[in-house]
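Observations on the three-dimensional arrangement
What follows is each chain in one-letter form.
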Amino acid sequence: MRPARLRLALLGLAAVVLVACSTEKDAFLNRTFHRLVTRDNYWFNANEKLKETVAAMEKAYVDDYDEVLPIFVYGTEDQAKAMTPDLETCIEKCATVIDRHSMEFGGKEKNTWVDDAYFVVGKCHFYKRSYFDAERTFDYIGRRYKGENRQLESKLWLARTAIQMEQYAKAQSALDEVKSQKQLPKSLPQDQLSAVQADLDLKRGKVDDAIVDLEHAIQIADKKKDRVRWSFILAQLYQAKGLDDKAIAQYNKVSRMSPPYEMGFHADIFQALAFDRGNSKTIRQKLARMLRDEKNKDHFDMIHYALADLDLKENKTDDAVAHLKASARVSTTDTRQKAKSFLKLADIYFDDRKYPPAQQYYDSTALLMPETHKRYDEVKTRAGVLGELVEQLDIIAREDSLQAFAALDTDEQEKRVKRLIREREQAEEEKAQAEAEAREVQASNPNTPPPTNVGGGGGAWYFYNPTQLSRGLAEFKKKWGPRPNDDDWRRKDKSGTALVDVQEEEQPTDSTATVESSKDGEPAWKDPASYLKDIPKDSLALEASNGKICTALYISGMIYKEKLKDVDNAVESFQNLNSRFEDCRYTPEAHYQLYRIYLEKEKTGNFIDFGGASSQHYADIILERWPDSEFARLVRDPNQLQADAANQKAEDEAYDALYTQFKQGFYLVVITTCDGVIANQPRNHLLAKYHLLKAMAIGGLHQMAPFRDALTAVTAKFPGTPEAKAASDILANLDRQAQNPGGPPAAKDAPATPFTMDQGQHYVVLILPRTGGELAQVTAKISNFNQQNFRNVPIEVKTSVFDADHNVVMLRIFQNKEKAMEYYALFLADKTFLAGINDQGYATFAISTGNYQQFFTSKDLDGYTAFFSRNYLDGQ
């Protein structure tokens, strides 16, 4: 009886389960079964996986403390790509829940966990950065599941998604809909509501509103990590608004909240940076204690920077410079901080008009600063301008030094050269002694591995040891930044001279004094003749040296005046030129520039130069000494300069109009117009451009011999100009084509193309050589990649013959350009499934369905890849 009863019970249980499995019946048993399975099996696992993935991303994310921190951490684009496989797994689990366990009766969902499953799907799309899919999912939850527990929370995430898509009005509308509820459910995270509103305010530039919302979010924050992060951001916003006292107090609160190390350290540093008045003793003592703490070793550079900031606020410039130099010196891995220290030093020297050191620090800053930095262009420009100035100042100093040395008698010259050689010998001895002491230390401590074989490089010599090479390269970059691989890279004038630049270890490199040795086998620096090779020994050499000084003084004066707007130094340069040289190449120009400078000063009113200098003083000199010059014409009629500027503007406009006609292919019209300008406007400031444009128009008519003649004429008539260089380059290209008739044609600036931009449906295409492996293996790998990363997106993999040497793999179909490019980016970034495919340099691109027909017919691979680069990759 008992086995029979057991069988009967099991049959009954099976019947109950079968009945409960049905989603077609709205019964208590059915609802309970499907809710339990949904919650405890699929949804729970997917949600936990999502939380683990997001937590790992947040832990790996590195905050940029130079900017206001983001209120929410969404990760980088690379992190989003790395999370995609796990997020796709979560989407698949939830899709299974929705497909198998949804119970809809009378337009109402009876399985209360289905909206939770949709919510997980929406968040997965969000963290994948598939914002359109996320927006569609959150919007669906909000409309379809009104009154359910995820409806309002989905509105919050809809607002987050809209913020990421920069649709700020839509985000505000979603937040207002949540706020308009008479009573918010307890399950809604209200701290998140205030935080999302603050995030939107910041994106819109409403910092004051963001502060109010963030203050409220901090008061009601559920999680400690959110409260700490938002408190730090609030302090940053106070500081940005100039509320220094509130910022310092808020940073101090953060320090007492047991924040993560990096955030706590920056909170202490930013307290010092926010300090603006009063007694800095307490803050300095705190920074000094931080310097004594070894755990801050990698941040000592920031501490010194904060001390320098305090010094500057208290007008202790020398102390600030010392701290900034210490900051750069102790820097370990933080190149961003090193760039900040270099930049602050450069600004200090620039404001003090100490241009040579300013140039050095701007140059170093430009090498370390990311191109996205808001001051990058300014720093790059200043480094370039000051580099030009320093080059001229170096010429002046070098030639003055050479002339001073030439003025000494022979005995004194020999004495000085001998002294230089002795100093060099002493330096070499000290170097050799230091190396010997290092070897003794090594010998006395045999347990310490020798420096030439650290890390098991496989060879005893330093340059065969990859570990040592990597370490040396890292140390070099740490000190100097990413420098080009050039000889004498530290020197502006790479020819050099041992007399003027004796501190440098590089030596002159000519036939009599090489770096290695002189003709008698001794080092070149021991040969006295190498120190005298550039000394001006006769009147011709002295005249050439003076010519260099004259030119350098004028150029430096113009740099001061036009590029640095430093009128005082400009005046000093021009006056120095005039006092040193009665009549050199730039004497008239120097007088005219002084005339223009004093004329501008006098226009401001109340200007008196007690030295007697005035615009009239220099005008008189110009009219007396150079009465027929262009400068005299401009002095007689100062308004002529404005007239000349107006003429130049008109000439620019006329040339631009003609160039437009050239681009439209009206070559005969262009040639005729150019001939007219060349014949009738000999003073046209664009004359060289007209000659080159005429040559290009002749080339457009495919008249090769006249084309070459016209280009040659440009190089002969306008040597040293950009137009002459362009003509020379074209001639060289023509020569190469003549030698290689089958070679590729020269690239054009804006080549005509049969392809058009289309935002509609797209394919992703891979062109494979027929020798690139078995096509079946390639498609199998791509299918595995698709299954892992796009398992919920139907992607068809189709192959075909492209030409005699290539096959084409077509991946389709993507609904728009954005979807295709999202796939393209992940395809190229994958290092697991597509190894041997995406790392071989095969042509890979997204292409619209319309362009694909044109491409497959024309077989113009180079043409389309160029089009793809310009229009899809921003020219990369």
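For the structure itself, consult the block above.
Below, the structure is looked at part by part.

Conventions used here
Residues numbered from 1 in each chain as written. Predicted model: local features only at pLDDT ≥ 70, side-chain atom pairs only at ≥ 80, totals over all residues. Heavy atoms only, no water. Helix = DSSP H or I, 4+ residues; strand = E, 2+ residues; numbered from the N terminus. Buried < 20%, exposed > 50% of the residue type's maximum accessible area, 1.4 Å probe, protein only. Contact = heavy atoms within 4.5 Å. Areas by Shrake-Rupley, 256 points an atom, 1.4 Å probe, with all protein chains shown as cover. Pairing = 2+ DSSP bridges. Axes fitted to C-alpha atoms, helices over the stretch in contact; angles between N-to-C directions. Core = buried A, V, L, I, M, F, W, Y, C linked by side-chain atoms within 4.5 Å. Parallel < 35°, antiparallel > 145°, perpendicular 65-115°, else oblique. Left-handed = near helix turned anticlockwise from the far one by under 90°. Nonpolar A, V, L, I, M, F, W, Y, C, P; charged D, E, K, R; others polar. Phe/Tyr/Trp six-rings, centres within 6.5 Å; stacked < 30°, edge-to-face > 60°. Disulfide = S-S within 2.5 Å. Salt bridge = Lys/Arg side-chain N within 4 Å of Asp/Glu carboxyl O. Polar contact = N/O pair within 3.5 Å; in protein donor to acceptor, adjacent residues only side chain to side chain. Expected span 1.5 Å × (residues − 1).

1. Considering the overall build of the protein chain
- For the protein chain, the helix and strand inventory stands at 34 helices and 6 strands.
- Taking all 876 residues of the protein chain together, 41% fall into the buried category.
- Here the analysis covers contacts within the protein chain between residues at least 6 apart in sequence; of these, 59% occur between residues at least 24 apart.
- Of the roughly 48,400 Å² of accessible surface on the protein chain, 51% is carried by carbon and sulfur atoms.

2. Examining the side chain of Asp116
- Relative to the assigned elements, Asp116 resides in helix H4 (residues 114-128).
- With near-sequence residues (within four places) excluded, Asp116 lies in contact with Trp43, Asn149 and Arg150.

3. Examining the sheet that holds strand S5 (residues 806-814)
- Here we have 4 strands laid out as an open sheet, ordered S4-S5-S3-S6, and antiparallel in their pairing. A strand with exactly one partner marks an edge of an open sheet, and here the two such strands are strand S4 (796-801) and strand S6 (844-848). Direction aside, neighbouring strands of the sheet carry axes that sit 30° apart on average.
- Pairing between strand S3 (residues 762-769) and S6: 5 bridges, direction antiparallel. By the bridge assignment, Tyr763 is partnered in S6 with Ile847.
- In this fold helix H31 (residues 775-789) packs onto S3, S4 and S5, with an angle of close to 160° to the strand it touches most, S4.
- Those strands touched by helix H32 (residues 817-829) are S3, S5 and S6, and its axis lies near 170° from that of S6.

4. Quick look at the nonpolar core
- Core analysis: the biggest nonpolar cluster contains 147 residues, and Tyr127, Trp230, Phe232, Ile269, Leu287, Tyr362 and Leu564 have the highest contact counts within it.
- The leading source of residues in this core is H4, at 9 residues.
- Setting aside residues up to four positions removed in sequence, Ile269 forms contacts with Leu287, Met290, Met302, Ile303 and Ala306.
- Among the nonpolar cores identified, the runner-up in size contains 38 residues, and Val764, Val765, Val808 and Leu834 belong to it.

5. Considerations on the packing of helix H12 (residues 261-274) against helix H14 (residues 300-313)
- Their axes nearest at 8 Å, the elements H12 and H14 cross at an angle of 15°. One way to sum up the angle between H12 and H14 is to call them roughly parallel. In this structure, H12 crosses over H14, and the sense of that crossing is left-handed. Taking contact as the criterion, the partners of Phe265, His266, Ile269, Ala272, Leu273 and Ala274 in H12 are, on H14, Met302, Ile303, Tyr305, Ala306, Asp309, Leu310 and Lys313.
- Its residues placed into classes, the contact of H12 with H14 shows 10 nonpolar, 1 polar and 2 charged.

6. Focus: the packing of aromatic side chains
- Per the stated rule, a full pass over the model turns up 50 aromatic pairs.
- With centroids separated by 6.3 Å and ring planes inclined at 15°, the aromatic side chains of Tyr655 and Tyr659 adopt a geometry described as stacked. Of this pair, Tyr655 and Tyr659 both sit in helix H26 (residues 640-663), separated by 4 residues, roughly a single helical turn.
- Tyr655 sits in the buried class, given a relative accessible area of 13%.

7. With respect to the state of the cysteines
- Counting across every chain of the model gives 1 disulfide.
- Residue pairing for Cys550: its cysteine sulfur links by disulfide to Cys584, the two sulfurs lying 2.0 Å apart. Every disulfide takes its handedness from the sign of the S-S torsion; for Cys550 and Cys584 that torsion is 60°, giving right-handed. With Cys550 in helix H21 (residues 539-563) and Cys584 in the loop between helix H22 (567-580) and helix H23 (587-603), the pair connects residues that are 34 residues apart, well separated along the chain. The residues Cys550 and Cys584 share a single accessibility class, namely buried.
- Unpaired in terms of disulfides, Cys94 finds its nearest cysteine sulfur in Cys124, a separation of 6.5 Å.

8. Observations regarding the pairing of S6
- Extensive coverage of S6 is indicated by the burial of 5 of its 5 residues.
- Here S6 shows two buried faces, one formed by Thr844, Ala846 and Ser848 and the other by Phe845 and Ile847.

9. What about the pattern of salt bridges?
- Tallied over the entire structure, the rule returns 47 salt bridges.
- Arg336 is paired through a salt bridge with Asp64; the nearest N and O atoms lie 2.8 Å apart. Of the two residues, Arg336 is situated in helix H16 (residues 335-351) and Asp64 in the loop between helix H2 (28-60) and helix H3 (77-101); the sequence distance between them amounts to 272 residues.
- Taking relative accessible area as the criterion, Arg336 reaches 36% and is therefore assigned partly exposed.
- On the basis of relative accessibility, which here comes to 28%, the residue Asp64 falls in the partly exposed class.

10. Structural notes on the environment of Ile91
- For Ile91, the location among the structural elements is in helix H3.
- Put simply, Ile91 and Cys124 are 33 residues apart on the chain and 6.8 Å apart in space, counted from C-alpha to C-alpha.
- In this view, Ile91 contacts Val121, Cys124, His125, Lys128 and Asn792; residues no more than four positions away in its chain are not counted.

11. As for the packing of helix H15 (residues 317-330) against H16
- Packing of H15 against H16 leaves a shortest axis separation of 9 Å and a crossing angle of 150°. One finds that H15 runs roughly antiparallel with respect to H16. In this structure, the crossing between H15 and H16 has a hand that is left-handed. In this structure, H15 contributes Thr317, Val321, Leu324, Lys325, Ser327 and Ala328 to the contact, and H16 contributes Gln337, Lys338, Ser341, Phe342, Lys344, Leu345, Ile348 and Tyr349.
- Of the residues that constitute the contact of H15 with H16, the class distribution is 7 nonpolar, 4 polar and 3 charged.

12. Points about the environment of His685
- By the element assignment, His685 lies in the loop between helix H27 (667-680) and helix H28 (687-700).
- Sequence separation between His685 and Glu651 is 34 residues; the distance between their C-alpha atoms is 7.7 Å.
- Dropping the residues within four chain positions of it, His685 is found in contact with Gln648, Glu651 and Asp652.
- Of note is the side chain of His685, whose polar atom sits 3.0 Å from the side chain of Asp652.

13. With respect to the environment of Ser258
- Positionally, Ser258 belongs in the loop between helix H11 (244-255) and H12.
- With 34 residues separating them in the primary sequence, Ser258 and Lys224 have C-alpha atoms 9.8 Å apart.

14. So, H14
- With 14 residues, H14 extends 20 Å from end C-alpha to end C-alpha; this agrees with the ideal 20 Å at 1.5 Å per step.
- Listing the buried residues of H14 in full gives Phe300, Asp301, Met302, Ile303, His304, Tyr305, Ala306, Leu307, Ala308, Asp309, Leu310 and Asp311.
- Along its buried surface, H14 packs onto H12, helix H13 (281-292), H15 and H16.
- The positive-phi residue at the C-terminal boundary of H14 is Asn315, with phi of around 60°.

15. Digging into unusual backbone geometry
- Here Arg812 and Ile813 are connected by a cis peptide whose omega angle stands at 5°.
- As for its placement among the helices and strands, Ile813 is situated in strand S5.
- We note that Arg353 has phi near 60°; this positive angle belongs to a residue other than glycine.
- Mapped onto the elements, Arg353 comes out in the loop between H16 and helix H17 (355-368).
- Despite not being glycine, Lys565 shows a phi value in the positive range, around 55°.
- The exposed category is assigned to Lys565, whose relative accessible area is 59%.

None of the figures reported here should be taken as evidence of function without further support.
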